[in-house]
Amino acid sequence: MYRGDYFVNKSTGTAADVLAAYGLAAILDEILAQALGREERRRVWIQDAGPYYLISLDPPLQAEWVEHCAYFTGPAAYIVRRDESPPPNVQKYVWIRNVDEAWEQWQTYRAISEQLRGGNTVSEELRRQVEDAKLPPDWHLVALLGTTQMQALKTYNQAVTQWALTHEYFNFNLKTILQMTVEPGVDLRAVSRAWWNEVSKTFKGKEIEYELTAIQLLNPHQGKGQNRPKANALAMKNISSFWLWEYLKATGLWLCTAPRVVREAQEGRLPRQRKIYVLAPHRITLATHRKVFDCFSERLWNDTAVKMDCLAALLYTDALLEYSEAGQHDELDFEGYGPENVVAGFHVTQYTLLSRNAYTATNLAFIRLPAWTKDIYKHQNAHDLVKDLQGVIREHREVISGIDEGRSDGYNLLLRYRNFLSGQSWDDFFEFAAGYSHYAVRRMAQGQWVALYTTDGLRRLIMATKKPLAAVIENQGFKNAAYAIRHSTIIPQGRKARGQDALYEIRYGLGMELKRKATVRDDFVAALANFMQSYNRENSQILEKTGRQLRRDLRTTDIEDVIRLVDEYGSEVMANLLVAYGYAREPREEAESSE
């Protein structure tokens, strides 16, 4: 029972397993901290080992450490409102968080932050006030637990209460937790019955419940109604679970959960949905996880449903890279591997207010981290490439943040992008890029600023994940063709939006036309050749008319290069790349075009 490895079976395949794994890691970490001293080196690894999560301890656990471990509350707080307090017999054994005080803190922070945003000049005193009023990363969780419609607080507080009430059996509780996780496939029923046979001698069932309701917050796959293991009937009573197992999940809730309110896409409508993001590890230490996750949690704000999923994956990857750049954590050195090898992604549970009184779990999903880093860290200048990758992620965040999910085209674009992130589907990315080209030009035509990818960012992205396409994007004919598309679409449209003479024709819908023609090789080659010829002809006409030529001509070798690439890689691949690069931003060219 006393060893270096402990196991949490993936019995549900949902966030419930992750919560239990992090809860177990936190409890084991505290045992080590008391035994070794908090400043002494210790490591608690959390690793996805396929059918189970593996919690590995360095150094391994020893029997006397468990025997002499002093009572601790763990990170799971008892939640109260303003005039409430825990039962007197448990009050000194729990950590208390007040929902109303948390909301007041949020109101203060919001008021000070608005002053900071509203002024042209900001005093150092105001900056200090904002920093002092900064919300703790777990503020969202306190607010979630205090939300009446979640219908979770009573059972959650009951788990925390029982941990306190059984403080005389504290070391026995720890041993029971170790017995439940000492190896994969432990008979949890037998372990829990042994616990009850011992503890019931004192409590006789008056204050302690052997099992607690498996609430949806901790068990999103279960709930009243359709919750039977075999879907042959409806069970209209709640599912129950051994309370110590539920306590592990309640503890994990404070370590790896980011609850957020879904902002309605249509202005004026009250939010009716919530999302809970639970971080699924690949291999990371608890200490590093806590620091990175707190950083991520501070940066993830409420947003619309699909956009928030995309931003969550991008923001967490950025936070991991930031800590990697700081060089403080060995497992984030990224020598030969990337962030997706540290963290798998997020279990996402969507809750909808289906009645006035209760949120119901209406969707379970998994969002992976972007796998853009598989080979990039094998180079000696890995840390420089980390900065480059952070720049790519910032580009993607800017593009995604500017899309209006309230419009059908914006919503569909975000769905495509989320599929690209979560499923690593390049087809979805290229469909997104083509749709975004049309979206961006239309927004620019309306006088709105719009974020664009850069050619450098796209090149880094493709070089990291689609190296077979490197020969295409480095080909000079391809670059020149993309240049021509750019200077026929977003460059003149940008000039027009700034009140300048566009000079050249703005070819609306060019990207979508090339995508449509790409299904047939000859049709695509004909459409592209016609565009390239008309592009050169327009250059000649403008030069003759004004004596000015702001665009480079295409050469016959450029056309030959592109046709050769079409024959080698296929017309659809070439259409995807030309549209993506053609509608990307190249700062040097933009500067030339504004002269």
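Everything numeric here is computed off the predicted structure, so don't read it as measured data. (Residues numbered from 1 in each chain as written. Predicted model: local features only at pLDDT ≥ 70, side-chain atom pairs only at ≥ 80, totals over all residues. Heavy atoms only, no water.)

**Points about the overall build of the protein chain**
And step 1. In terms of regular secondary structure, the protein chain is built from 23 helices and 12 strands.
And step 2. Expressed along its principal axes, the backbone C-alpha trace of the protein chain runs to roughly 100 × 55 × 45 Å.
And step 3. Sequence-distant contacts in the protein chain: of pairs separated by 6 or more residues, those separated by 24 or more amount to 71%.
And step 4. Per element, the accessible surface of the protein chain, about 27,000 Å² overall, is 46% carbon and sulfur.
And step 5. Within the protein chain, the 75 negative side-chain charges are centred at a point lying 4 Å from the centre of the 73 positive side-chain charges. (Helix = DSSP H or I, 4+ residues; strand = E, 2+ residues; numbered from the N terminus. Contact = heavy atoms within 4.5 Å. Areas by Shrake-Rupley, 256 points an atom, 1.4 Å probe, with all protein chains shown as cover. Lys, Arg positive; Asp, Glu negative; His and termini not counted. Charge placed at Lys NZ, Arg CZ, Asp CG, Glu CD.)

**Section: helix α14 (residues 426–445)**
And step 1. Taking 1.5 Å as the rise per residue, α14 with 20 residues should run 28 Å; its terminal C-alpha atoms sit 28 Å apart, in good agreement.
And step 2. Burial of α14 is extensive: 15 of the 20 residues sit out of reach of the surface.
And step 3. Phi turns positive, to about 80°, at G447, one or two residues after α14. (Expected span 1.5 Å × (residues − 1). Buried < 20%, exposed > 50% of the residue type's maximum accessible area, 1.4 Å probe, protein only.)

**Some words on the pattern of salt bridges**
And step 1. Counted under the stated rule, the structure contains 31 salt bridges.
And step 2. When the shortest N-O distance is used, the salt bridge between D428 and R416 registers 2.9 Å. Of this pair, D428 sits in helix α14 while R416 sits in helix α13 (residues 408–423), placing them 12 residues apart in sequence.
And step 3. Between D567 and R521 there is a salt bridge; the shortest N-O distance is 2.7 Å. Here D567 is found in helix α21 (residues 556–569), whereas its partner R521 is found in helix α20 (residues 521–546), with 46 residues between them in sequence. (Salt bridge = Lys/Arg side-chain N within 4 Å of Asp/Glu carboxyl O.)

**Section: the packing of aromatic side chains**
Aromatic ring pairs are defined here through the distance separating the ring centres and the angle between the ring planes.
And step 1. Evaluation of the coordinates by the stated rule reveals 38 aromatic pairs.
And step 2. Residues F293 and F296 carry aromatic rings whose centres are separated by 5.6 Å and whose planes lie at 50° to one another, so their mutual orientation is tilted. You can see F293 and its partner F296 sitting in helix α10 (residues 286–299), 3 residues apart, about one turn around the helix. Residue F293 shares its accessibility class with F296, and that shared class is buried.
And step 3. Summarising the aromatic geometry, the rings of F531 and Y535 are spaced 6.1 Å apart at their centres and angled 45° between planes, so their arrangement reads as tilted. In this pair, F531 and Y535 both sit in helix α20, 4 residues apart, roughly one turn of the helix.
And step 4. By relative accessible area, which is 5% here, F531 ends up buried.
And step 5. Each residue in the set Y71, F72, Y93, W163, F170, W195, W196, Y210, F242, W243 and Y247 is aromatic and connected to the rest through ring pairs, giving one cluster. (Phe/Tyr/Trp six-rings, centres within 6.5 Å; stacked < 30°, edge-to-face > 60°.)

**A look at empty space enclosed by the protein**
And step 1. Under the defined criterion, the tally for this structure stands at 3 cavities of 30 Å³ or more.
And step 2. In this model, the largest cavity occupies a volume close to 80 Å³.
And step 3. In terms of lining, the largest cavity is formed by F429, A433, Y436, S437, L452, Y453, L458, V579, A580, Y583 and A584.
And step 4. When residues of the lining of the largest cavity are traced back to their parent elements, those giving at least two are α14 and α22 (571–582).
And step 5. Per-element tally for the lining of the largest cavity: the top contributor is α14, with 4 residues.
And step 6. The residue makeup of the lining of the largest cavity, split by class, is 10 nonpolar, 1 polar and no charged. (1 Å grid on protein atoms, 1.4 Å probe; cavity = no way out; pocket = protein on both sides within 12 Å on 5 of 7 lines; lining within 4 Å. Points joined across faces, edges and corners; volume = space filled by probe spheres on them. Nonpolar A, V, L, I, M, F, W, Y, C, P; charged D, E, K, R; others polar.)

**As for the packing of helix α19 (residues 510–517) against α22**
And step 1. In the contact formed by α19 and α22, the axes pass within 9 Å of each other and the chain directions differ by 170°. Relative to α22, the element α19 is oriented roughly antiparallel. Of the residues in α22, those touching α19 at G511, L514 and K515 are A575, N576 and V579. (Axes fitted to C-alpha atoms, helices over the stretch in contact; angles between N-to-C directions. Parallel < 35°, antiparallel > 145°, perpendicular 65-115°, else oblique.)

**Section: the sheet that holds strand β8 (residues 257–261)**
And step 1. In spatial order, the strands read β8-β9-β11-β12; together these 4 strands make up an open sheet with antiparallel pairing. Edge strands, defined here as strands with exactly one partner in the open sheet, are β8 and β12 (359–368). Pairs of neighbouring strands in the sheet enclose a mean axial angle of 20°, with direction left out of account.
And step 2. As judged from the 9 bridges shared by strand β11 (residues 343–353) and β12, these two strands associate in the antiparallel manner. Considered in β12, the bridge of T349 is made with L364.
And step 3. Taken strand by strand, helix α9 (residues 243–256) contacts β8 and β9 (273–281), and its axis lies near 70° from that of β8.
And step 4. Sitting on the sheet, α13 touches β9 and β12, and the angle it makes with β12 is about 60°. (Pairing = 2+ DSSP bridges.)

**Observations concerning the nonpolar core**
And step 1. With 188 residues, the main nonpolar core has Y316 and Y436 as its most contacted residues.
And step 2. By residue number, the principal contributor to this core is helix α11 (residues 305–326), which donates 14 residues.
And step 3. Sequence-distant contacts of Y316, defined by excluding residues within four places in its chain, comprise L279, I284, V292, F293, F296, V343, F346 and L369. (Core = buried A, V, L, I, M, F, W, Y, C linked by side-chain atoms within 4.5 Å.)

**Structural notes on the environment of P59**
And step 1. Locating P59 in the fold gives a position in the loop between β3 (52–58) and α2 (63–67).
And step 2. A residue is classified by how much of its surface remains accessible, and P59, at 23% relative accessible area, is partly exposed.
And step 3. C-alpha separation for the pair P59 and K466, spaced 407 residues apart in sequence, amounts to 41 Å.
And step 4. When sequence neighbours within four positions are dropped, the list of residues in contact with P59 reads L32, L36, R41 and W65.

**Focus: the sheet that holds strand β2 (residues 43–48)**
And step 1. Across the sheet, which stays open at both edges, the 4 strands sit in the order β1-β3-β2-β10 with antiparallel pairing between neighbours. The open sheet has two edge strands with one neighbour each: β1 (5–9) and β10 (283–285). Taking the axes of each pair of neighbouring strands and ignoring which way they run, one obtains an average angle of 20° across the sheet.
And step 2. As paired strands, β2 and β3 are joined by 6 bridges and run antiparallel to one another. The partner of R43 across the bridge, within β3, is D58.
And step 3. Across the sheet, α10 touches β2 and β10, and the angle it forms with β10 is around 90°.

**Concerning the confidence of the model for the protein chain**
And step 1. Summarising the model, the protein chain shows a mean pLDDT of 89, and 90% of its residues fall at 70 or more.
And step 2. In the predicted structure, residues 224–236 sits below a pLDDT of 50 and forms 15 contacts with residues beyond four places in sequence or in another chain.
And step 3. Below pLDDT 50 for its whole length, residues 590–595 participates in 11 contacts with residues either more than four positions away or in separate chains. (pLDDT = per-residue confidence, 0-100.)

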